[in-house]
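# Fold and contact review
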Amino acid sequence: RVRSRNINLIISDFFKIQPGTSLLPKEFDAIVTNPPYTRQEEMEYKEQIREVALTYTNGTKIPLSPQAGIYVYFFTHSAKFLKNGGRMGYITSNTWLDTKFGEGLKQFFLDHFKILAVIEHDAGVFMIPNVDASITLLEKVEGNSLKKERSSHTVKFIRIKKPISITELVQKIHVLQTNFEDENIRVVTMPQGRLNAKEKWGIYLRAPTIYFKIINSPLITELRNLAKVKRGFTTGADAFFYLNKEKVSQWKIEKEFLRPIIIRPKDVANYDLTTEDVKNYVLLVNKTKEELQGTNVLKYIEWGESVEIAGRGRAKGRVYKGYHNITMIKPRKIWYSLGDQQPAPILFPRIIRWRTFFIWNRCSALSHQTFYNIYPLDRSYILPLLGILNSSLSQFFVELHGRLYGRGLLEFAVYELEELPTIDIRKLDDQKKKTLRSSFIKLCEARRKKQRDLEEKIKRKIDDLLFDVLGLNDKERKQVYKGLESLKKMRAQRKEIKILVETKERWTYRKHKTKEKKDEPIKRLDSWFIS
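Attention here is on the structure that accompanies the text. (Residues numbered from 1 in each chain as written. Predicted model: local features only at pLDDT ≥ 70, side-chain atom pairs only at ≥ 80, totals over all residues. Heavy atoms only, no water.)

## Observations concerning the environment of Leu223
By the secondary structure assignment, Leu223 is in the loop between strand S9 (220-222) and strand S10 (227-231). Residues contacting Leu223, with those up to four places away along its chain left out, are Val229, Ile374, Leu385, Leu417, Glu418, Leu420 and Thr422. (Helix = DSSP H or I, 4+ residues; strand = E, 2+ residues; numbered from the N terminus. Contact = heavy atoms within 4.5 Å.)

Quick look at the structure:
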């Protein structure tokens, strides 16, 4: 609580205010805020906001992806109100740390500020679904003459693991110049000049030390160098395009227009996907109605054009007459055509809950957009690569390179999966590839037979092979396992809402004696403003 006799309030859209206008001074010593968590799809008058927020004080344009949420524009616009040497403290979503749209914001920080600290909590802080928060503390230090001062500054990446007092946290921010960790807090220090806007800064908050040794090994490459990654079908109307066996039988749809499809990750219980596991079909029709005359699939399409559909998401409350009038579907040349998708040998869930697994697509099923399709550049890579991707080492990389989606979930975009570190299979000899291939097949068999002990034994064999390749000693191997366990535990904690920074005194509701109210004269609003 801050006691004050005078409060200046201006009720307005922040992006309609410029420094020095109205009653505002030209510059402020400090700015503290918790801006809205509105996603870019939900922003009104987005282009006007971009024009205002990304035009800096010197008239230059700040390069920033249009995919950024509104909180990012609060950073760039509020910086114009801050004097040189002034400080800014923000509580926002932490997505800017690891996403593509965050690269422009990180570069803006590097060019205009000393980044004092970036702080994350192991547990969730807000009740907002799918939002994990971070605290960003900045000091404005602009100008080419101060570039060296910015570059030599030490950035603190602070992870709060257990409740800690504000006093202790502030002390750590001010005093520590080297890495530090205890049961309550972890601090990783980094010279600002070594930070790259294109890399994921969340790594510095979450990665154990062994990660940095492994990632710099010449045997590590990105998945993009071994395989292509594509997203599964986004239909715009799953209820129409995805059919179970009962619906297929009801409409007697011809087999040539149906392909097996896997829709939900929770429907996959094993490392390998077989015909018995797939319960649904996707409608694939690339012919015109004239070419479909006399078919049952045409009757189904015509039904789809006559039925009423309730809008979802942003279209909630709207009713469409026919699937062909849905906004996403309408622009298609043939509205019921999804084009072609080749089945991928390897599938990976877009959102990870508690189980990280890459799936061998043995039955050549197609996939919904809840999966990513992985196409190895060489078919001989498929099984040994699956062995590598289902190792503890790969799970370790997934935990670190996935995007924290909120409430303990982990999400990947296509480019993030393409950038996933992995052992370079091209640098392994034939014997190691053969061992990986046979081990993965045995892993599938053990999983299907529910032989959990054997499954763990085979996984450990794969782990040991990869650790041997990397030259890790026993202590370093334990660090990988411990790091993986810690990362999973941290993600699980995000389901809970906890206060991990404690104030000196607990705030409690105090009952006051009821006082007789007295009428007070009405005052003009501007009488409360400080001139």
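There is more to say after this.
## Some details on the environment of Thr95
Within the secondary structure, Thr95 is located in the loop between strand S2 (82-93) and helix H3 (102-112). As for Thr95 and Gly69, which are separated by 26 residues in sequence, their C-alpha atoms are 9.1 Å apart. Other than its neighbours up to four places away in sequence, Thr95 contacts Tyr71 and Phe101.

## So, the packing of helix H12 (residues 392-401) against helix H15 (residues 452-470)
Two quantities define a packed helix pair, namely the angle between the axes and the distance from one axis to the other. For the pair H12 and H15, the least separation of the axes is 8 Å and the interaxial angle reads 80 degrees. Judged on the interaxial angle alone, H15 and H12 are roughly perpendicular. Contacts between H12 and H15 pair Ser392, Leu393 and Gln395 from the former with Lys459, Asp463, Phe467 and Leu470 from the latter. When its residues are assigned to classes, the contact of H12 with H15 shows 3 nonpolar, 2 polar and 2 charged. (Axes fitted to C-alpha atoms, helices over the stretch in contact; angles between N-to-C directions. Parallel < 35°, antiparallel > 145°, perpendicular 65-115°, else oblique. Nonpolar A, V, L, I, M, F, W, Y, C, P; charged D, E, K, R; others polar.)

## Brief notes about the sheet that holds strand S19 (residues 359-361)
Two pairing modes exist for strands in a sheet, parallel and antiparallel, and in both the strands are linked by backbone hydrogen bonds. Taking strand neighbours across the sheet as the criterion, the 5 strands line up as S10-S21-S17-S19-S13 in an open arrangement whose pairing is mixed. Edge positions in the sheet fall to S10 and strand S13 (272-273), since each has one partner strand and no second. Here S13 pairs with S19 via 2 bridges, running parallel. In the strand pairing of S19, Leu273 is matched with Asn361. (Pairing = 2+ DSSP bridges.)

## What about the pairing of strand S14 (residues 280-283)?
One ladder, built from 3 bridges, connects strand S11 (residues 242-244) with S14; its direction is antiparallel. Within S14, the position partnered with Asn244 by the bridge is Asn280. Relative to S14, strand S12 (residues 258-262) runs antiparallel, the two being bridged by 4 bridges. Directly across from Leu258, in S14, lies its bridge partner Leu283.

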